[in-house]
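Residue-level listing of the chains:
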Amino acid sequence: MSFKQSKPIDRLYHEVADYDLVIVPDSPLADALNRRLERAHFGPFAITPRRLATRRRETAEDRTAFLKVIDRTELGWKEIAYTVGNVLQCWEYRGTADAILEYEAFDTPATRTVVDIVSSLQTSSRLLADYEIDIGADESVAVVGQSQLTNLERSILPTEYDSVDRFTEDGFELPPFRIFESPAAIVDAVLDTVTRDNADDIGIVLDASSEYSPLIESALETAEIPYYGGPGFMDDRDHRAFVQLLRCTTAGSDTRVRSVKPLLSCLDATVPVEHDEKRLTDVDDPEIEWLREFTEQADALTFEVALNAYEERTGRTLEAFCKELDQLGLLAEPITANGIDRLVFYLETYEVPIDRDNEGVLLADAKSASFVDRPVVFYLGLDENWTHDSPNRPWVDRDEEYERNIDGFQSLLQSGVDRHYLVQDTAGGSPVTPCLYFDELLESEYERFSDLESIRHARTDRPTGDGFDRVPLETAVEPEHVETVSQSSLNTYANSPRDYCFERLVETPDRHYFVEGNRFHDFAEFVVNHPEFVDDARLEEVVDIMIEETRAFHRSIDLETQRTRYRIGLETICEYLEEHALVDTAFLTPSSGWGANFFAEYFDRPVDSPVTERWFEDDELRLKGKIDLVQSSTQLVDFKSGSRNASSQVTKHASIDDPSDKPDFQALCYLTYWRQHQPDERLEFTFFHFLETLDDVVAGNDSLEDCLTTVTYRPVAFDKFVQSETVFDELREDAANACNKTFSKTDYETYLSVFDTHDIPRTRDADEIADSPFGEALLERLIDDVGDYKYVRKGCTQAFRHLCSYRKEGYFVEDLDAFERFVDEQLEELNRYRRGEDRFPVAGRAGEPNYRYVDNRDMLLTDPRSARSASQNSTTTEVEDAEVQR
């Protein structure tokens, strides 16, 4: 099959102009022919079979039938909707209401009940089945596109009529596809053409369920361009909000504030972002009080009372919604989960008719229309979602249905005088599959739109109004220069500079682990200052306090589990601090601490120990942070409520040469700072994961050592360290068996001689050492000295692993020096972005961000081409500029 040339609407009109009655398959075509009628005509001229039989505009008879059936039976609503759909569909294809009973699988009591009710109703199918076209001897009838009529529609045709084909014998040459980089770019291209003055001349065909639909509607509304054929009944924000209000009444106590934010917006209630993750019932905020009181009295409410309450609160009337509730018989019913589910099912299943302004740009659904009577028509997407899903029912001839759909597709694509096919070639990195009908209509082989005749377009610079107020950078205040950075900010920046930017601009909600972490840290600081004060009774009191502080985040059923968790965490902290009691603090200067301590204020006791919560900000190193605990002059401790990582993982995630997708520079940052105070000392940074042994404590076999991960710093270069006799002794005594055996049969001078001629690679990979000149030389020297034995080769491999373990478990002088340079480089780069010399990129040091660690996911464009195309007129750029100017 090839593309058939569809007759232009004016030519088609001239072919049927002399007929008294013209039957057509769809309403838009009928309206187009009627608008061209040039003579006085009594009665209908061009008309669809259903409109001819009913003498009214076509309505969704499945919804009408559903409303009647639920009023007359006790069947479930889902069963009714399913059965009504089958009965009406079979009627359409077979021509009689009871034809469905001929199929054994569908001959059920429910089907018979529905057939009896539906066949008695004055539906369009019933009227169509009973209708006969009454024509006089001198009257003529033409049928346009007869193959697109169903059996029921053909049943009204008179004995004599003329069939008029919608297509000519000629082929249609498809214009080139216009390829854009994103849906937003396609919408911008459309808006370059559409204005308020020419809106009535424009038609836009799209998949109503695609992302193009809300994008084009939003763009038209923003540009104040009228349109119709767009939002439906449930696109009304008050209708959606009222359904959400009903849901709140049965959702239980675990409803989170974030889940009702759209409802709160409609109620003109503004709730701080910090409460988003909290349970609605536990948030003490006057903006939420009305909603909380409403949900508490839900048991005594009916749908009508709830609707009246919503209208009174918002000052807006929902007459259409009230009418639907009345027709559904729900108005006087008490609010129940089952009643709400039935209402939502109805609203999701049927399109409730609404009054529309029939002016402006016409938005047509690609799966519903086969003709658009506008001079200029834009076709958006044209992807596989444009393909119709043929009903999988025994009464449907799939081949005939396919032919009907493909004819409609060909006709639709030839609507208008100027036609523009706007498509994407890829989406999310994958090719976009064109509509499957093209396989049948086009002779060339293809997989994507760019394989066909096409033209690529860059995104246009479309004016979008005044937008945000801007101040030119040259006249604005000087951008603030970032002098120091914390380890957490450096981690975020390394993962995604764009996320770092938004982190400084956007409020984030409180989360249970933030609150819990702060309370655990406050408790640890309090215990260091008052170890004798914290007894068993005090511990239980602290647990009660933490439960109250975090109650808003947890379900009631989880509180006992959290109580156990908190108790074990607090006890583990006490155990650690008791075993590692501080003796000497003379090496420390007094510290003012960091902020207020919750438990110090609660128990009215001071916290003034210099070893806890030590804030630092070093302008020379350009680092800042807070040390949880200075265990000794050479050991720092950080309290962690999360899961424990091995020291090798800690150093891996802090790698500068091989960036990790889980950047974590905390140990490296704090050791670099503490080196300033203890320059020639071996230092340790210990992560104390006080909840790591939670399961073990419950089982009674916990060990405090399982909570600790320690990273070391040795004040010597790595290549000097591994040449030391200490390392050689470890290779002889503390390494793996073959290594110990091999090195015990050689001497230190033999080992050291290899370093005189070869440099050991600076790597964490044992294989790299083995394959290096150093590794080959060491193996050769050991074979010469010990012998060419299998255990010698194996022992040498184990030695390489042992040498690498030093770099996996700690740092050396060159590592901290490199980190200092790294911090300088990152801050210089960051300040360049802040000055507006370039945009904050989405990608981090390891490439695409690790989205598990991104806090502002919805603000990061994942498609780099979309990111580039959005740069000209995007909120993202506006917000970044605001940060730069600040």
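Quick caveat: nothing in here was measured; it's all calculated off a predicted structure. (Residues numbered from 1 in each chain as written. Predicted model: local features only at pLDDT ≥ 70, side-chain atom pairs only at ≥ 80, totals over all residues. Heavy atoms only, no water.)

1. A closer look at the overall build of the chain
A count of helices and strands for the chain gives 37 helices and 22 strands. For 886 residues, the compact-globule estimate of 2.2 N^0.38 gives 29 Å, and the chain exceeds it by more than 25% at 37 Å. Counting only C-alpha atoms and orienting by the principal axes, one finds that the chain spans roughly 120 × 70 × 70 Å. Of all intrachain contacts in the chain linking residues separated by at least 6 positions in sequence, the fraction that spans at least 24 positions is 74%. With an accessible surface of roughly 42,800 Å², the chain has 43% of that area assigned to carbon and sulfur atoms. Within the chain, one finds 93 positive and 181 negative side-chain charges whose respective centroids are separated by 1 Å. (Helix = DSSP H or I, 4+ residues; strand = E, 2+ residues; numbered from the N terminus. Rg over C-alpha atoms; globule rule 2.2 N^0.38 Å. Contact = heavy atoms within 4.5 Å. Areas by Shrake-Rupley, 256 points an atom, 1.4 Å probe, with all protein chains shown as cover. Lys, Arg positive; Asp, Glu negative; His and termini not counted. Charge placed at Lys NZ, Arg CZ, Asp CG, Glu CD.)

2. Focus on the environment of D134
Along the chain, D134 turns up in the loop between α7 (124-130) and β4 (141-144). Along the chain, D134 and I156 lie 22 residues apart, while their C-alpha atoms are 9.8 Å from each other.

3. Some remarks on the sheet that holds strand β8 (residues 202-206)
Pairing between the strands of a sheet is mediated by backbone hydrogen bonds and can be parallel or antiparallel. In space, the seven strands of this open sheet follow the order β9-β10-β8-β11-β12-β7-β15, with parallel pairing throughout. Here the strands that pair on one side only, and so sit at the sheet edges, are β9 (227-228) and β15 (454-456). Direction of pairing for β8 relative to strand β11 (residues 376-380): parallel, over a ladder of four bridges. Residue pairing across strands places G203 opposite V377, the latter belonging to β11. Strand contacts of helix α9 (residues 183-193): β7 (177-180), β8, β11 and β12 (418-424), with the helix running at about 160° to β12, the strand carrying the most contacts. (Pairing = 2+ DSSP bridges. Axes fitted to C-alpha atoms, helices over the stretch in contact; angles between N-to-C directions.)

4. What to know about the pairing of strand β10 (residues 361-365)
Most of β10 is tucked away: four of the five residues are buried. For β8 and β10, the ladder comprises four bridges, and the chain directions are parallel. Its bridge partner lying in β10, G203 is registered against L362. (Buried < 20%, exposed > 50% of the residue type's maximum accessible area, 1.4 Å probe, protein only.)

5. Concerning the nonpolar core
Counting 81 residues, the largest nonpolar core has I23, F66 and F242 as its most contacted members. Among the elements that take part in this core, helix α5 (residues 77-94) stands out by supplying nine residues, more than any other. Within the second largest apolar cluster, 72 residues are counted, among which are L559, I573, F616 and L621. (Core = buried A, V, L, I, M, F, W, Y, C linked by side-chain atoms within 4.5 Å.)

6. Digging into the pattern of salt bridges
When charged atoms on two side chains of opposite charge get close, those side chains can pair. Applying the stated criterion across every chain, the model contains 50 salt bridges. Measuring nitrogen to oxygen at the nearest pair gives 3.2 Å for the salt bridge that ties E540 to R563. A residue pair is termed long-range when its members are at least 10 positions apart, and E540 in helix α22 (residues 536-550) and R563 in helix α23 (residues 559-579) qualify at 23 residues. Connected through salt bridges with shared partners, the residues D536, E540, D544, E560, R563, R567 and E571 form a single ionic network. (Salt bridge = Lys/Arg side-chain N within 4 Å of Asp/Glu carboxyl O.)

7. Focus on the side chain of S27
Turning to its location among the elements, S27 is positioned in helix α2 (residues 27-35). For S27, a relative accessible area of 16% translates into the label buried. Within the structure, S27 has its side chain in polar contact with the side chain of R51 (distance 3.2 Å). (Polar contact = N/O pair within 3.5 Å; in protein donor to acceptor, adjacent residues only side chain to side chain.)

8. A look at the packing of aromatic side chains
Enumeration according to the criterion identifies 53 aromatic pairs in this entry. Ring centres of F616 and Y670 lie 5.5 Å apart, and the angle between their planes is 85°; on these two criteria the pair is classed as edge-to-face. Taken together, the residues span a long stretch of sequence, with F616 in strand β17 (residues 612-618) and Y670 in helix α26 (residues 666-675) at a distance of 54 residues. Three or more aromatic residues joined by ring pairs form one cluster here, namely F177, Y379, W386, Y402, F409, Y421, Y437, F438 and F449. Across the ring face of W77, the terminal group of R342 is positioned such that the distance to the ring centre comes to 5.0 Å. (Phe/Tyr/Trp six-rings, centres within 6.5 Å; stacked < 30°, edge-to-face > 60°. Lys NZ or Arg CZ within 6 Å of the ring centre and 35° of its normal.)

9. Comments concerning the packing of helix α31 (residues 748-757) against helix α33 (residues 773-786)
Helix-helix packing is described using two parameters, namely the angle between the two axes and the distance between the axes. One way to put it is that α31 packs onto α33 with a least axis distance of 10 Å and a crossing angle of 150°. In terms of their interaxial angle, α31 and α33 are classed as roughly antiparallel. With respect to the hand of their crossing, α31 and α33 are arranged in right-handed fashion. Only F774, A777, L778, R781 and D785 of α33 make contact with α31, whose side of the interface consists of T750, Y751, S753, V754 and F755. (Parallel < 35°, antiparallel > 145°, perpendicular 65-115°, else oblique. Left-handed = near helix turned anticlockwise from the far one by under 90°.)

10. Remarks on the sheet that holds strand β5 (residues 162-164)
Taking strand neighbours across the sheet as the criterion, the four strands line up as β3-β2-β4-β5 in an open arrangement whose pairing is parallel. Of all strands in the sheet, those with a lone pairing partner are β3 (46-47) and β5, marking the two edges. Alignment of β4 against β5, held across three bridges, turns out to be parallel. Pairing of V143 across the sheet is with S163, part of β5.

11. A few points about the pairing of β7
Pairing geometry for β7 and β15, over three bridges, is parallel. Each residue of the ladder has a partner; that of F177, found in β15, is S454. Pairing between β7 and β12: three bridges, direction parallel. By the bridge assignment, R178 is partnered in β12 with L422.

12. Points about the environment of T651
Tracing the backbone shows T651 in helix α25 (residues 647-653). Since its relative accessible area comes to 4%, T651 is described here as buried. Sequence-wise, T651 and R807 are 156 residues apart; in three dimensions their C-alpha atoms are separated by 8.0 Å. Beyond its immediate chain neighbours, meaning those up to four positions away, T651 contacts V711, R764, R807, K808, E809, G810 and Y811. In this structure the side chain of T651 is engaged in a polar contact, spanning 2.5 Å, whose partner is the backbone oxygen of K808.

13. Structural notes on the confidence of the model for the chain
Model confidence for the chain is summarised by a mean pLDDT of 90, while 93% of its residues fall at 70 or above. Here residues 863-886 scores under 50 on pLDDT; set against residues more than four positions off or in separate chains, the count is 56 contacts. (pLDDT = per-residue confidence, 0-100.)

14. Notes on unusual backbone geometry
Its identity is not glycine, yet E224 carries a phi of approximately 60°, on the positive side. Along the chain, E224 falls in the loop between α10 (212-222) and β9. Of the residues examined, E224 reaches a relative accessible area of 58% and is grouped as exposed. The phi dihedral of L382 is positive, around 50°, even though this residue is not glycine.

15. Thoughts on the packing of helix α11 (residues 237-250) against helix α16 (residues 337-349)
Axis separation between α11 and α16 bottoms out at 9 Å; the angle between their running directions is 155°. Of the possible angle classes, the one that applies to α11 and α16 is roughly antiparallel. Two packed elements cross with a definite hand, and for α11 against α16 that hand is left-handed. Note on element contacts: α16 touches α11 through A337, I340, D341, L343, V344 and L347, opposite V243, L246, R247, T249 and T250. Taken together, the residues of the contact of α11 with α16 sort by class into seven nonpolar, two polar and two charged. (Nonpolar A, V, L, I, M, F, W, Y, C, P; charged D, E, K, R; others polar.)

16. What to know about helix α13 (residues 286-296)
For α13, the set of buried residues is I288, L291, R292, F294 and T295. One face of α13 carries all of its buried residues, which in axial projection span an arc of 160°. Among the exposed residues of α13, those oriented more than 90 degrees off its buried face are P286 and E296. Among the structural elements, α11, α12 (261-266) and α14 (303-314) are those in contact with the buried residues of α13. Put simply, D285 is the residue that caps the front of α13, since its side-chain oxygen is 2.8 Å from the backbone nitrogen of E287. (Arc of directions from axis to C-beta.)

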